[in-house]
Amino acid sequence: MSIQNLLKTLKTVKGNRQSNPSSKPILEIISTILAPAPSDSVATSLISQLNPHGLRSILSDPNLGSSECFHFFDFVLKNQSLVSFKPDLQAHLTVICRLLKERMFSDAERLLKTVSIDSNCCYPFAVIASTVENCCRERKVKVKFFNFMMAMYSNNGFFDSVSEIFSYMKNNGIKIDEKTCTVHLLALKGSDQIHLASNFFNLMLESGLDVSVYSLTVVVDILCGNGELKRGRELVEEMLGRGIKPNIITFNVMVSACAKRWNFEELDLILILMEKVGVRFDTNTYKLLIDGFSSSGRNEKAEKMVRKMHEEGFKVDSHLYNLIVRSYCKTGTIQSACSLFDEMNERNVAPNSDTYWVLIDGLCKIGDMGLAMEYANRMQSKGIEMDDPMFTTLVDGFCNKGMVNEAMELQVMMANDGYQANQSVCENIFVELCKLNRIEEAKMLLNILAKRGADLSRLVPATSIDS
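Per an unreviewed UniProt entry, the protein carries the name Pentatricopeptide repeat-containing protein At2g28050 and comes from Momordica charantia. Under the heading Sequence similarities (unreviewed entry), UniProt records this for the protein: "Belongs to the PPR family. P subfamily."

(A) Local environment of the overall build of the protein. Scanning the protein from terminus to terminus reveals 27 helices and zero strands. Considering the protein as a whole, with its 467 residues, one finds that 47% of them fall into the buried category. Here the protein has roughly 23500 Å² of accessible surface; of this, 49% comes from carbon and sulfur atoms.

(B) The arrangement of the nonpolar core in detail. Counting 143 residues, the largest nonpolar core has Phe145, Phe146, Phe201 and Leu394 as its most contacted members. Per-element accounting of this core gives the leading share, nine residues, to helix H9 (residues 139-155). Contact partners of Phe146, with chain neighbours within four places excluded, come to Phe125, Ala129, Val132, Glu133, Ile165, Tyr168, Met169 and Ile174.

(C) Representation of H9 within the structure. Spanning 17 residues, H9 covers 25 Å between terminal C-alpha atoms, matching the ideal 24 Å at 1.5 Å per step. For H9, a buried count of twelve out of 17 residues is recorded, marking the element as mostly surrounded by other parts of the structure. Of the positions making up H9, those classed as buried are Val141, Lys142, Val143, Phe145, Phe146, Asn147, Phe148, Met149, Met150, Met152, Tyr153 and Ser154. On its buried face, H9 sits against helix H6 (89-101), helix H7 (105-116), helix H8 (125-135), helix H10 (159-171) and helix H11 (178-190). One or two steps after H9, the chain reaches Gly157, where phi turns positive at roughly 80 degrees.

(D) Fine view of the environment of Ile366. Relative to the assigned elements, Ile366 resides in the loop between helix H21 (353-365) and helix H22 (369-381). In this structure Ile366 comes out as partly exposed when scored by relative accessible area, which is 48%. Measuring from C-alpha to C-alpha, the distance between Ile366 and Gly397 comes to 8.7 Å, with 31 residues separating the pair along the chain.

Cut-offs and rules
Residues numbered from 1 in each chain as written. Predicted model: local features only at pLDDT ≥ 70, side-chain atom pairs only at ≥ 80, totals over all residues. Heavy atoms only, no water. UniProt positions renumbered as here; feature names shortened; annotations may be inferred. Helix = DSSP H or I, 4+ residues; strand = E, 2+ residues; numbered from the N terminus. Buried < 20%, exposed > 50% of the residue type's maximum accessible area, 1.4 Å probe, protein only. Areas by Shrake-Rupley, 256 points an atom, 1.4 Å probe, with all protein chains shown as cover. Core = buried A, V, L, I, M, F, W, Y, C linked by side-chain atoms within 4.5 Å. Contact = heavy atoms within 4.5 Å. Expected span 1.5 Å × (residues − 1).

Below is the structure:
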């Protein structure tokens, strides 16, 4: 059977399918023709008569569906021993363009990789570009092809090739998809290619492309993530002059970078710009500011942010209060921490185990064991159980104050609740008992530790207890 007869057969089959919906799908018939049982020599003879021109004629035949076209071509690629030639670049690109037109992107990508990325059959972009111009006549499909290829190069780390495609599209009047550019910027960000990202963004601006706030935000994120806070802000100001207004995500990127680095001078400039542009804080903005202020000891500013959240109707969770309470306790300003704790209750923000833990730890450090136990009792009355670190902290606090009786009472109370004190707690109490010459009680505690298999050699020599 000649190539012309094959095309005629395919056209006849296509016509039959349209007139008779119950007829076999063309793909099934093509498979029957091209992949019969080994004893059937017709298909082998048919395929062996193919030549490059004939193959391109079949692949470009509009009567053959794009899906069937792809599977037919895939069959030829997998059975190249049956043909006397290797399918050329034009054949590949013809199928790829058809797949893209039908939005069959995964198949298109797999096929495009074989001629653009795979080492065993890789064509330079310039060759691919000129071939596409010859085999693809539809403008929309051509635009889709180059944007698709740019995204594929980006996803596979061929960043220099992306810039080459971009320049080619710009110089040849092919519409560039700004979303594809944003995806490329994200890929550069993920690969920590700061310089390339900055250059590509400039290329976007110079090309006259309508740059979106999303692309701007990606570049600002890259700059701020690498400590270029001022440069990030200045870029935002420059884009404002071009009519690109930053959104809350853009500003939160800058606020986060400044807060984490405690660069409050730059932060003030960003907040002023934010107000000038008319972008209001969201919950995340407040969280970032409170975290930055509290971690740097600027607790009054952090409290101010919490109060503004309440005033503006934002939900304030216990975590934000905990940040400030922890900061107050860290600096020894326990009274302020306790006042903030009371404010939480007044505003119906329920303290959690972290809140109590921070307060109790801070009180133990300054030796206010009475108030520490008061908060411990309040915590337990709320149904929050005392955990190992908190229990250890309380016992250490009592021992440091020489309040060994209270430490032992706490241990007994916890034991009655089914809690077994860890070795460090028992050792602390043991040392204090020895200091007070309460040898019999120390022996009892030592026996408890021995039964648990604890290493007692580092406590006191056995003779000290025996005596």
